[in-house]
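What follows is the residue order along each chain.
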Amino acid sequence: MKITCLSALLATSTALFTACNSDSTATKQKAAAQTASAAQRVYVAPGKLDDYYAFLSGGQSGGVFVYGIPSCRFIKEIAVFEPRAGLGYANNPGSESYLRLKESGPMWGDTHHPVLSQTNGRYDGRWLWINDKANGRVARISLRTFETAVIRKVPNIQGAHGLDAWLPSCKYVYVNGELEHDFVQNGTDPQQYRSVIAFLDSESLETKFEVMIVGNADIASSGKDGRYVFSTMYNTENAVTSEGMIERDKDAVAAIDVPLAEKAVAEGKFTRINGVPVVKPDEVPGVLTLIPVPKNPHGCNVTPDGNYVMASGKLSPTVTIIDAHSLKVVAEPEVGLGPLHTTFDNRGNAYTSLFIDSQIVKWNIQKAIKGDPTYIVDRVDVHYNVGHTKAAGSDTSYPSGDWLISLNKLSKGMYLPVGPAMPESQELIDISGEKMRVIAAFPSLSEPHDAVFLSRQVLADKVVQTYEITPTATKLGEEKLVRNGTQVDVYMTCIRSKFVPEQFEVHSGDRVTIHLTNVETVRDMTHGFALAEHGINIAVDPGQTQVVPFTAGAPGTYWYYCTWFCSALHLEMRGRMLVKPIGATVSDSIAPPTLEKTQGGPKQDKVSYE
Ligand code: K7E
Ligand code: CUA
Ligand code: CA
């Protein structure tokens, strides 16, 4: 039929064209109209701003990706657990970001769960927390600068998985230990394996206390009234093989009574393990309640009104609805195969990702609780095998009910083949109507697990234009070289299109530290500093100071240059480190060479253009 229509068009045969101008054309026209309106929904003209910032965890990329929604434009990567030369992050040994990361553990991570800070049940645009599942760490990103501010290793945790903030105050962030291990009595006896749910000061990320569990804690979601936090547990068996972990018919949702845990800590009812007060539930009755749910649940999500916890069944085709105050199971609606995570709109609907069915299913919470068989509202296919799904504002008390993102594990043939490994794929779904509508798909680096959206208005006046000048910054006109034996400190500034100094002298083998301040006062004027043959390349944002320590190499001339294209004279923005043999005379002067010397030699009398 397709070919016939095509030949008809080519032949401009009216008769034939009319003959095949049947259903297929009408369908095509309808599809074209839908495509056009879908395109309009996501079209954000150049220079226009998106409504939302979506923060996607970077999985094994170790950072956070920022996308504009609804355009699906990639805006930024926030480096957290992995160095990024291009972002001036942790790639230069000696810089603040390097030392902070190094001190906390390995120079890579596996980020799963981005969590935004809230005030009064709404995102406040201050902070974003993210876990490193692999290395038991949590980081806090400042949204003033979109930079990692704090990284901490959490004691007694292997596999820092589920993460959430204790609501409504965000006094703590709490993180789930997914991998049971032998921190209580060192040894390899699995019977002694335990795990903890750790409560961290939300600003400093210092671990304040932990609650011990037998088995593991997977995904986290806080109640909204300052009492319970919830975690799914799939290994209540405390088993060490995958068969062992599915032995029981039931596992659990753990509910921790946070004020009771705080009280126990205040009264000294804890055991200190590796410096942290650990509350043991058998010593503090009520601190931990295990609510039975079908075996091996996964997602844990509290509804915006704070009334229910949804435990997504994973192996069971159900979502268990638990009353978040009485801790009783109130319903267990069937939703489809492989339910992993559930998210919410502002009209009483839940949206559950179905890994096996490759679908998002929309269902009505009250109807499901009342046993009304019409609780399923809609299903939409996603491509393919969705993990997390998140609707805008779903973690707050005021979801916006407009957009939902489906974070799919496989993209199969969705994109041009780029090797055996395909990109991860997200889909943007319009949930503003009764029916869901998949509007757009966008690939990303591996491998986003979860996402949170923040409305642009919240951030607009909070993100700073430039860094605050630190007391240790080098000021314009106060550049200098300070020599102390073999330690040489060079206090350097940069501004379009010049480093000051443009030359300095050291001995081979000297320990050199460059304190480089970008003295620009306008946003976006980042300069770079790459030093030939010394393995150094950093970025310095306006107002920022970077500290660059290294050992001077063999005698010779080494150019440093700006790696960020900043001005018409960007290529000329360079200078020399002159390395002299040990014992040779070196000058402490950083004054530019005299004009005569400036021009170097041998001089070219003229330049021939032939
Ligand atoms: Cu479901 Cu780590 Cu959130 Cu992945 S976890 S999907
Ligand atoms: Cu500074 Cu390019
Ligand atoms: Ca189990």
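What follows is about the sheet that holds strand S21 (residues 329-331). Reading across from one edge, S18-S19-S20-S21 is the order of the 4 strands in this open sheet, with antiparallel pairing throughout. Unpaired on one side and paired on the other, strand S18 (300-302) and S21 mark the two borders of the sheet. For this sheet, the mean inter-axis angle between neighbouring strands, taken without regard to orientation, is 30°. Sheet topology places strand S19 (residues 308-312) next to strand S20 (residues 319-323); 5 bridges connect them, and they run antiparallel. Opposite Ala-311, over in S20, you have Thr-320 as the bridge partner.

Here we come to the coordination of the calcium ion (ligand 3). Angles at a metal have ideal values that depend on geometry: 109.5 degrees with four tetrahedral donors, 90 or 180 degrees with six octahedral donors. The protein atoms that coordinate the calcium ion (ligand 3) are Tyr-234 (O), Glu-237 (OE), Glu-237 (OE), Met-245 (O), Asp-251 (OD), Asp-251 (OD) and Asn-296 (OD1), at distances spanning 2.2 to 2.8 Å. Each donor residue of the calcium ion (ligand 3) belongs to the same chain, and together they define the spacing Y-x2-E-x7-M-x5-D-x44-N. Placement of the pair is Glu-237 in the loop between strand S13 (228-233) and strand S14 (250-257) and Asn-296 in the loop between strand S17 (288-294) and S18, with a sequence separation of 59 residues. Under the relative-accessibility criterion, Asn-296 is labelled buried at 5%.

This paragraph deals with the nonpolar core. Counting 28 residues, the largest nonpolar core has Met-492, Phe-499, Phe-504, Ile-514, Phe-529 and Met-577 as its most contacted members. Secondary-structure elements contributing two or more residues to this core are strand S32 (487-495), strand S34 (503-507), strand S35 (511-518), strand S36 (527-531), strand S37 (536-540), strand S38 (545-551), strand S39 (556-561) and strand S40 (574-580). By residue number, the principal contributor to this core is S32, which donates 4 residues. Setting aside residues no more than four positions away along its own chain, Phe-529 makes contact with Met-492, Phe-499, Ile-514, Leu-516, Ile-536, Asn-537, Ile-538, Tyr-560, Tyr-561 and Thr-563.

Attention now goes to the site of ligand 1. Close contacts around ligand 1 come from His-112, His-113, His-161, Ile-219, His-298, His-341, Gly-387, His-388, Lys-409 and His-449, and that covers them all. Its residues placed into classes, the shell around ligand 1 shows 1 nonpolar, 8 polar and 1 charged.

This part takes up the sheet that holds strand S2 (residues 63-69). Taken in spatial order, the 4 strands make up an open sheet running S3-S2-S1-S30, and their pairing is antiparallel. Edge positions in the sheet fall to strand S3 (74-79) and strand S30 (451-455), since each of these pairs with one other strand and no more. Averaged over all adjacent pairs, the angle separating strand axes in this sheet is 25°, with direction ignored. Two strands pair when backbone bridges link them, and strand S1 (residues 52-57) and S30 are joined in this way by 5 bridges, in the antiparallel orientation. Its bridge partner lying in S30, Phe-55 is registered against Val-452.

Moving on, we get to the state of the cysteines. Across all of its chains, the model carries 0 disulfides by this definition. Residue Cys-170 stays outside any disulfide, its sulfur separated by 16 Å from that of Cys-300, the closest cysteine. A relative accessible area of 4% places Cys-170 in the buried class.

On to the pattern of salt bridges, then. Within the structure shown, the criterion is met by 24 salt bridges. A salt bridge links Arg-73 to Asp-50; the nearest nitrogen and oxygen atoms lie 3.1 Å apart. Of the two residues, Arg-73 is situated in the loop between S2 and S3 and Asp-50 in the loop between helix H3 (23-42) and S1; the sequence distance between them amounts to 23 residues. Here Glu-178 makes a salt bridge to Lys-133, at a shortest N to O gap of 2.7 Å.

Within the secondary structure, Ser-411 is located in the loop between strand S27 (403-408) and strand S28 (424-430). Its relative accessible area of 2% is what places Ser-411 among the buried residues. Taking the C-alpha atoms as reference points, Ser-411 and His-527, separated by 116 residues in sequence, lie 37 Å from one another. Apart from residues no more than four positions distant in its own chain, Ser-411 is found in contact with His-383, Tyr-384, Met-422, Pro-423 and Ser-425. At a separation of 2.8 Å, a polar atom in the side chain of Ser-411 contacts the main-chain carbonyl oxygen of Pro-423.

Here the focus is the environment of Val-276. Looking at where Val-276 falls in the secondary structure, it is placed in strand S16 (residues 276-279). Among all residues touching Val-276, those that are not within four sequence positions of it are Pro-155, Asn-156, Thr-207, Phe-209, Glu-210 and Thr-271.

The rules we used
Residues numbered from 1 in each chain as written. Chains lettered and ligands numbered in written order. Predicted model: local features only at pLDDT ≥ 70, side-chain atom pairs only at ≥ 80, totals over all residues. Heavy atoms only, no water. Pairing = 2+ DSSP bridges. Helix = DSSP H or I, 4+ residues; strand = E, 2+ residues; numbered from the N terminus. Axes fitted to C-alpha atoms, helices over the stretch in contact; angles between N-to-C directions. Donors = N, O, S within 2.8 Å, 3.2 Å for Na, K, Ca; no water. Buried < 20%, exposed > 50% of the residue type's maximum accessible area, 1.4 Å probe, protein only. Core = buried A, V, L, I, M, F, W, Y, C linked by side-chain atoms within 4.5 Å. Contact = heavy atoms within 4.5 Å. Near = heavy atom within 4 Å. Nonpolar A, V, L, I, M, F, W, Y, C, P; charged D, E, K, R; others polar. Disulfide = S-S within 2.5 Å. Salt bridge = Lys/Arg side-chain N within 4 Å of Asp/Glu carboxyl O. Polar contact = N/O pair within 3.5 Å; in protein donor to acceptor, adjacent residues only side chain to side chain.

Everything listed here is a matter of coordinates, which is why it stays silent on function.
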